[in-house]
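Each chain, letter by letter, is given below.
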Amino acid sequence: VDRSRPVAADQVKVMPSSAALPSGQPPTLLGLREVPTEMAAKLHSSADQLLASFDEVQMQDIAAAAGVARSSLYYYFATKDDVLAFLLRAVLHELTTATSEAAAGPGTPPERLFAVIRAQLVLLSEHPAASQQLFANLGRAGQLPDIAAQVNEGFEVPVRALLAEGAADGTLRE
């Protein structure tokens, strides 16, 4: 594999969505270089601004927000869509963490189901631009298996599990 050039997101294998990097960052595409912590922090802190008008944003704008030269940005991201995927992965990682904690928390299945849905809604409201981009780009994002898996793990899996648990113990009716 030629690692001297960035690789487009659709040309690489992905790590399983449940694997977290030691640095606590969400999983990234294999074949792409790990984004330096400082650059990642700047991208995350400007994510809502970048994502609010992502269709109009250019790589130069993203590089400025990350505090790096455009060539440095291209060293880590082959395309603007790779940056979008990077930002969405971070939000989805946060979502799966919050919903997993809510699902495993104390209470009856209906109480934990309420906590999961609340965690989902709180996260979506805290990241409105990312939420809008996620839903607007589900088709594109769904083509990346790790993102599709994180969407499933953050939204569907905890709800289904708690509905089944509540149906089994009688606290929720089918």
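This one's a predicted model, so the numbers in the text were calculated from it and none came from an experiment. (Residues numbered from 1 in each chain as written. Predicted model: local features only at pLDDT ≥ 70, side-chain atom pairs only at ≥ 80, totals over all residues. Heavy atoms only, no water.)

Novice: Can you help me understand the overall build of the protein in this one?
Specialist: Across its full length, the protein carries nine helices and zero strands. Walking the protein from its N terminus toward its C terminus, one meets helices and strands in the order α-α-α-α-α-α-α-α-α. Evaluated residue by residue, the protein yields a buried proportion of 42% over its 174 residues. When contacts within the protein are restricted to residue pairs at least 6 apart in sequence, those whose partners lie at least 24 apart make up 65%. (Helix = DSSP H or I, 4+ residues; strand = E, 2+ residues; numbered from the N terminus. Buried < 20%, exposed > 50% of the residue type's maximum accessible area, 1.4 Å probe, protein only. Contact = heavy atoms within 4.5 Å.)

Novice: When you look at helix α1 (residues 37–45) in this model, what are you seeing that I'm missing?
Specialist: One full turn of an α-helix is made of 3.6 residues, so residues set three or four places apart face in the same direction. Restricting attention to buried positions, one finds in α1 the residues Met-39, Ala-40 and Leu-43. Buried positions in α1, seen along its axis, are confined to an arc of 100° and lie on one side of it. With respect to the buried face of α1, the exposed residues turned more than 90 degrees away are Thr-37, Glu-38 and Ser-45. For α1, the secondary structure elements touched by its buried residues are α2 (47–52), α3 (59–66), α4 (70–76) and α5 (80–104). (Arc of directions from axis to C-beta.)

Novice: Would you take a moment to explain the packing of α5 against helix α9 (residues 145–169) for this structure?
Specialist: Angle between the axes and distance between the axes are the two parameters that describe a pair of packed helices. The interhelical angle for the contact between α5 and α9, taken along N-to-C directions, is 20°, at an axis separation of 9 Å. When the axes of α5 and α9 are compared, the pair comes out roughly parallel. Where α5 crosses over α9, the handedness of that crossing is left-handed. Note on element contacts: α9 touches α5 through Asp-146, Ile-147, Gln-150, Val-151, Glu-153, Gly-154, Phe-155, Pro-158 and Leu-162, opposite Ala-85, Arg-89, Leu-92, His-93, Leu-95, Thr-96, Thr-99 and Ala-103. Residue composition of the contact of α5 with α9, by class: nine nonpolar, five polar and three charged. (Axes fitted to C-alpha atoms, helices over the stretch in contact; angles between N-to-C directions. Parallel < 35°, antiparallel > 145°, perpendicular 65-115°, else oblique. Left-handed = near helix turned anticlockwise from the far one by under 90°. Nonpolar A, V, L, I, M, F, W, Y, C, P; charged D, E, K, R; others polar.)

Novice: What is the right way to read the packing of aromatic side chains from this model?
Specialist: Where two aromatic rings form a pair, the distance of their centres and the angle of their planes describe that pair. A full pass over the atoms with the stated rule returns three aromatic pairs. Note on Tyr-75 and Tyr-76: the rings are 4.8 Å apart at their centroids and 80° apart in plane angle, and the pair reads as edge-to-face. Judged by centre distance (6.1 Å) and plane angle (55°), the rings of Phe-135 and Phe-155 are tilted. Linking Phe-135 in helix α7 (residues 128–136) with Phe-155 in helix α9, this pair joins segments that are 20 residues apart in sequence. Of note, Lys-80 hangs over the ring of Phe-54, and the distance from its end group to the ring centre comes to 5.0 Å. (Phe/Tyr/Trp six-rings, centres within 6.5 Å; stacked < 30°, edge-to-face > 60°. Lys NZ or Arg CZ within 6 Å of the ring centre and 35° of its normal.)

Novice: Please explain α5 as it appears in this structure.
Specialist: For α5, built from 25 residues, the straight-helix expectation of 36 Å at 1.5 Å per residue is met to within 8% by its first-to-last C-alpha distance of 36 Å. Backbone nitrogen of Asp-81 and a side-chain oxygen of the N-cap are separated by 3.3 Å at the start of α5; the cap is Thr-79. (Expected span 1.5 Å × (residues − 1). Polar contact = N/O pair within 3.5 Å; in protein donor to acceptor, adjacent residues only side chain to side chain.)

Novice: What should I look at first to understand the side chain of Ser-131 in this one?
Specialist: Turning to its location among the elements, Ser-131 is positioned in helix α7. A polar side-chain atom of Ser-131 sits 3.0 Å from the main-chain carbonyl oxygen of Leu-124.

Novice: How do you make sense of the pattern of salt bridges when you look at a structure like this?
Specialist: Any two side chains of opposite charge can pair if their charged atoms end up close together. Here the structure, examined in full by the defined rule, presents four salt bridges. One salt bridge connects Arg-112 with Glu-165, and the closest N-O pair in it is separated by 2.4 Å. With Arg-112 in helix α6 (residues 109–126) and Glu-165 in helix α9, the pair connects residues that are 53 residues apart, well separated along the chain. Classification of Glu-165 by relative accessible area gives partly exposed; the value is 34%. (Salt bridge = Lys/Arg side-chain N within 4 Å of Asp/Glu carboxyl O.)

Novice: Is there a simple way to think about the nonpolar core in this case?
Specialist: Buried together is how nonpolar side chains tend to be arranged in soluble globular proteins. Met-39, Leu-43, Leu-51, Ile-62 and Phe-77 are the most contacted members of the largest nonpolar core, which totals 34 residues. Here this core takes nine residues from α5, the largest share from any one element. Excluding residues that lie within four positions of it along the chain, Leu-43 makes contacts with Leu-50, Ile-62, Ala-66, Phe-77, Phe-86 and Leu-87. If you look at the next biggest cluster of nonpolar residues, it comprises six residues, including Ala-102, Ala-103, Leu-113 and Val-116. (Core = buried A, V, L, I, M, F, W, Y, C linked by side-chain atoms within 4.5 Å.)

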